Every structure is written in C-alpha cells, then in structure tokens.
Amino acid sequence: TEFGKRYPRTSVVYASKAFFNRALGLILKEEEMGLDVVSGGEVAVAQSVAFPFAKVYFHGNNKTEDEMKLALDASIGHFVVDNFHELAVLNRLAKGQGIIQNILLRLTPGVDPHTHSHTTTGVLDVKFGFPMIKGIAEKAVAEAMSCSHLKLVGLHCHLGSPIFEMEPYEKAIDIMMRFAAEMKERHAFEMQEFSVGGGYAVQYLVDVPAPSVAQYAEAITVRLQARCREMVLPLPRLVLEPGRAIVAQAGVALYKVGAVKNIPGVRRYVCVDGGMSDNIRPALYGAKYEALIANNVGQGDSERVTVAGKLCESGDILIKDIMLPPVSAGDLMAVPVSGAYCIPMSSNYNLALKPAIVLVKEGRARLIRRRETHQDLMRCDLIRARAVECGQ
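Since the structure is predicted, the reported quantities are computational estimates derived from the model, not experimental observations. (Residues numbered from 1 in each chain as written. Predicted model: local features only at pLDDT ≥ 70, side-chain atom pairs only at ≥ 80, totals over all residues. Heavy atoms only, no water.)

A. Here's a closer look at the overall build of the protein chain. Broken down by element type, the protein chain carries 11 helices and 17 strands. Against the compact-globule benchmark of 21 Å for 392 residues, the protein chain has a radius of gyration of 23 Å, which places it among compact chains. If one aligns the C-alpha atoms of the protein chain with their principal axes, the spans along those axes are about 70 × 60 × 40 Å. About 19500 Å² of surface is accessible on the protein chain, with carbon and sulfur atoms providing 53% of the total. (Helix = DSSP H or I, 4+ residues; strand = E, 2+ residues; numbered from the N terminus. Rg over C-alpha atoms; globule rule 2.2 N^0.38 Å. Areas by Shrake-Rupley, 256 points an atom, 1.4 Å probe, with all protein chains shown as cover.)

B. View of the packing of aromatic side chains. For the coordinates displayed, the defined rule picks out seven aromatic pairs. Judged by centre distance (5.6 Å) and plane angle (25 degrees), the ring pair of Tyr-169 and Tyr-200 falls under stacked. Of this pair, Tyr-169 sits in helix 7 (residues 167-187) while Tyr-200 is found in the loop between strand 8 (193-197) and helix 8 (213-231), placing the two residues 31 residues apart along the sequence. Of the two residues, Tyr-169 and Tyr-200, neither departs from the other in class, the shared state being buried. Ring pairs connect the aromatic residues Phe-3, Tyr-169, Tyr-200 and Tyr-216, which therefore count as one cluster. Between Lys-63 and the ring centre of Phe-58, over which it is positioned, the NZ or CZ distance is 5.7 Å. Against the face of Phe-84 rests Lys-139, its NZ or CZ located 5.1 Å from the ring centre. (Phe/Tyr/Trp six-rings, centres within 6.5 Å; stacked < 30°, edge-to-face > 60°. Buried < 20%, exposed > 50% of the residue type's maximum accessible area, 1.4 Å probe, protein only. Lys NZ or Arg CZ within 6 Å of the ring centre and 35° of its normal.)

C. Region of interest: the pairing of strand 9 (residues 237-240). The pairing of strand 1 (residues 10-15) with strand 9 spans three bridges and is parallel. Residue pairing across strands places Val-12 opposite Leu-240, the latter belonging to strand 9. By the bridge criterion, four bridges tie strand 8 to strand 9 in an arrangement that is parallel. In the strand pairing of strand 9, Ser-195 is matched with Val-239. Traced from strand 8 through helix 8 to strand 9, the parallel crossover comes out right-handed. (Pairing = 2+ DSSP bridges. Right-handed = clockwise from strand over helix to strand, strands pointing away.)

D. Inspection of the sheet that holds strand 10 (residues 253-263) at higher detail. The sheet built from six strands is open, its strands ordered 12-15-10-11-13-14 with mixed pairing. The open sheet has two free edges, formed respectively by strand 12 (292-293) and strand 14 (317-324), since each of these has just one partner strand. In terms of strand pairing, strand 13 (residues 303-308) meets strand 14 through five bridges, oriented antiparallel. What sits directly across from Ala-308, in strand 14, is Ile-317.

E. Region of interest: the side chain of Asp-376. Mapping Asp-376 onto the fold places it in helix 11 (residues 374-378). The class for Asp-376 is buried, based on a relative accessible area of 14%. Within polar-contact distance, the side chain of Asp-376 engages the side chain of Arg-370 at 2.7 Å. Look past the residues within four positions of Asp-376 in its chain and what remains in contact with it is Arg-370 and Arg-371. (Polar contact = N/O pair within 3.5 Å; in protein donor to acceptor, adjacent residues only side chain to side chain. Contact = heavy atoms within 4.5 Å.)

F. Fine view of the pattern of salt bridges. Scanning the model with the defined rule gives 16 salt bridges in all. Here Glu-170 and Arg-223 are joined by a salt bridge, their closest N and O atoms 3.9 Å apart. A residue pair is termed long-range when its members are at least 10 positions apart, and Glu-170 in helix 7 and Arg-223 in helix 8 qualify at 53 residues. Through salt bridges with shared partners, a single network forms among Glu-170, Asp-174, Arg-223, Arg-227 and Glu-230. (Salt bridge = Lys/Arg side-chain N within 4 Å of Asp/Glu carboxyl O.)

G. Looking closely at the environment of Val-222. Mapped onto the elements of the fold, Val-222 is located in helix 8. Looking at Val-222, the relative accessible area reads 43%, which means it is partly exposed. In sequence terms Val-222 and Leu-284 are 62 residues apart; their C-alpha atoms lie 35 Å from each other.

H. Main features of a nonpolar patch on the surface. A contiguous nonpolar patch, built from Val-358, Val-360 and Leu-367 and spanning about 290 Å² of accessible area, is present on the exposed surface. Along the chain, Val-360 turns up in strand 16 (residues 357-361). With a relative accessible area of 57%, Val-360 lands in the exposed category. (Patch = residues over 30% accessible without salt bridge, like charges linked within 9 Å, V, L, I, M, F, W, Y side chains within 5 Å.)

I. Main features of helix 7. Here helix 7 is 21 residues long and its end C-alpha atoms lie 30 Å apart, about the 30 Å a rise of 1.5 Å per residue gives. Buried within helix 7 we find Pro-168, Tyr-169, Ala-172, Ile-173, Asp-174, Met-176, Met-177, Phe-179, Ala-180, Ala-181 and Met-183. (Expected span 1.5 Å × (residues − 1).)

J. Quick look at helix 8. Given a rise of 1.5 Å per residue, 19 residues ought to cover 27 Å, and the 27 Å separating the end C-alpha atoms of helix 8 matches this to within 8%. Of the surrounding elements, those touching the buried residues of helix 8 are helix 1 (2-6), helix 7, strand 8 and strand 9.

K. Geometry of the nonpolar core. Grouped together as the largest cluster of nonpolar side chains are 100 residues, with contacts concentrated most on Phe-79, Ile-103, Leu-105, Phe-194 and Met-333. No other element matches the nine residues that helix 7 contributes to this core. Excluding its chain neighbours within four sequence positions, the residues that come into contact with Phe-194 are Leu-155, Cys-157, Ile-173, Met-176, Met-177, Leu-224, Pro-236, Arg-237, Leu-238 and Val-239. Listed in part, the six residues of the second largest apolar core include Val-13, Tyr-57, Val-80 and Val-239. (Core = buried A, V, L, I, M, F, W, Y, C linked by side-chain atoms within 4.5 Å.)

L. Main features of the side chain of His-158. Residue placement: His-158 occurs in the loop between strand 7 (150-156) and helix 7. In terms of polar contacts, His-158 uses its side chain to reach the backbone amide nitrogen of Gly-198, at 3.1 Å.

Structural measurements only, silent on function.
Listed below in structure tokens is the structure:
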C-alpha cells in the first residue's frame, strides 16, 4: 500500500461504522485487516465470523459496561479510551477478569479539519476524547499509567471526515508528537502506537476530485517521521482507520423511478422508491451525489431535475438540480458512491423496508443481505404481552 511502502510499521484498521455485515467481515478477515468497532452490535457481528479480535479496536464516547464486558470476553486487542469514567470502569472490569488490557487514549487536539460541523471531531468543543487543554490530557495519561490492569500503549486522534486537505493531519501530528514527548519526559510514557484516525475523502462529484491515497500517505508519514526525529521519539506503529475510503465508491444505490412532477418555471421532481430512509446524508449533512439512468446511459443529459424520495418529509431530497436524460416512470436510477454510511444510517421511517445488498465481482452477483419484508417490521412487536407493573 501507499502507506506501507513509506512507513512499514503501518496497520490498516477498517472503520466498520461506514458499513459492516457478516459478508464484509469475512472479506476483511481474508484481507488480514484490522477492525474498528464502536458498539456491542459491531462486536457481535465480528464474533459471528470469528474475526481475529487481537486486531480489533473498540472506540466510542459512551461504551456501556455490558459492551465492555462483551469485548473483554472476546479478548479484544485494544480499547480506545474516551473519558475518565471509561478508564475507571474498564480497569475494574479487567481486574475482575485478571487481565491486563491494552488501551490507547483518544485526545482532541483542537484542529479544525474544515469539513461539515456534524462530522468534525478533532476540535475542543466535541463529545469525543480528552481535550488537550488545562492539563486534562496529561491527567488522563497519568491515571491510565496508574491503572493496575490497563496498559497504555498509544495515543489516538480523529479529526473528522471527509478531509480534503493535508494541513489538518500535519498540524495534528505536530501537536500529538509534542505531547507524547512531554509525557515521556514527565511520566516515562513510551508511545508504541499512534493512530491519526481516518477521514480520508473520496470523490462524490465529477468536478470535485479527492486527494489520492499517495498524497495522504506522503503528508502523514513524512510529518510523523520528521517530528519523531525532532522530539527524539522512537517511531511508533502507525494505525490508520479508513472506512469511507474503502467502501464508499464500491457501492451503487439503485432506485426505480415512479412519479414525475413538473412545476412549470419552478422545478421538475423525479420521485424514486427510496429516499432518506436509505440515505439520510443529503438531509443530515447536505451531502451531494451524482446520478445516471441505468437503462439509458448512452443518451445525453437534457433536463434539470431534482431527485426526491418517497418519505413523508419535504426535506427528503436525494439530489437537487441535476442534469439527466428524459426520465419517466419505470426507469432505473443509479447513484454511485453510496457504499459508505447510507445503509448503516438507514431507518424504517414511514415503516419503509430496508433494501437488499448484492455483492458483485467479475460479473457474478451474490446476495449478502435480503430485502426486508413487512413481517420483519413487526417481529419485535408484542400485542398480547403481560402488563408489567412500574418498578418491576
């Protein structure tokens, strides 16, 4: 890989929140990648395919005690500790199991990655991590090193996503390496691992290219090596957490066109049989996509339309003002770069059915998740359950 040839001690840990199911878990296992999980559900899916838990990192700002126990029972490789509460609980649980658990501390270096506010995670005013102000991060290091059943092996930061610039990564590395040097001097902390997180951008629009993997690799590895030399620090293992960068462009969403509504002089709406229930990103982040008519690819674009979903919300707009060929009911619309976050963030709003997922390789297709049925929507409902008294 681009990172590996520049910095051999690199581990690629897939961020499963971008999209994860059992089929993908098996693929990641075959590719000998690591895994970044953020919930008990993701831990359970990884367990179901016998994923090697030594390569799993558990993130999250409010891991429950049950989730921590589940991960410890699975002999998870690393916890990325987010706060003092987690530090205390995890040490108690590890002590109860008689183990020494490897951890990293997630720090917020106060770096703005210049992306959407909802996907910015490295600034100070954010729910994630120990802030690097007023001695808080240093206190976390001291407490972690004093925990009898935790071993602090590294530091972690994640700035947000998608990040189209190199400067935020370089600035974060400067801050983190300076801090690591200070902690070595003051607390004898030896940083064995450093994670710069993920957030690497992909190209969603024809006219908005993303940096290449080589550009990210060059900026991050050169800066890390330079700062380690400057601070007289041994080179740590570099941990990367790509999610979107791996699966986004691998996924294409297919919709069937239904109603077409023309408002003369205002707008032409093309309605499809999905929407914010399977892709909430346009409504939530203002995300933008391209589209094409799959059964009419050869015809040139000739009309400006807005692609609307079928959910009962005015904000259920997938793509605003896109040029397409003439569109009519029954056409198939393809929306590329839908592989990241669309399905994980999907919902049953309006009791919409979640779509099937098909894996395609070398012209062969395999169903890896079936389409939901109406019966699936009702399988957890209890209509004749025994009344439960309050407090029971």
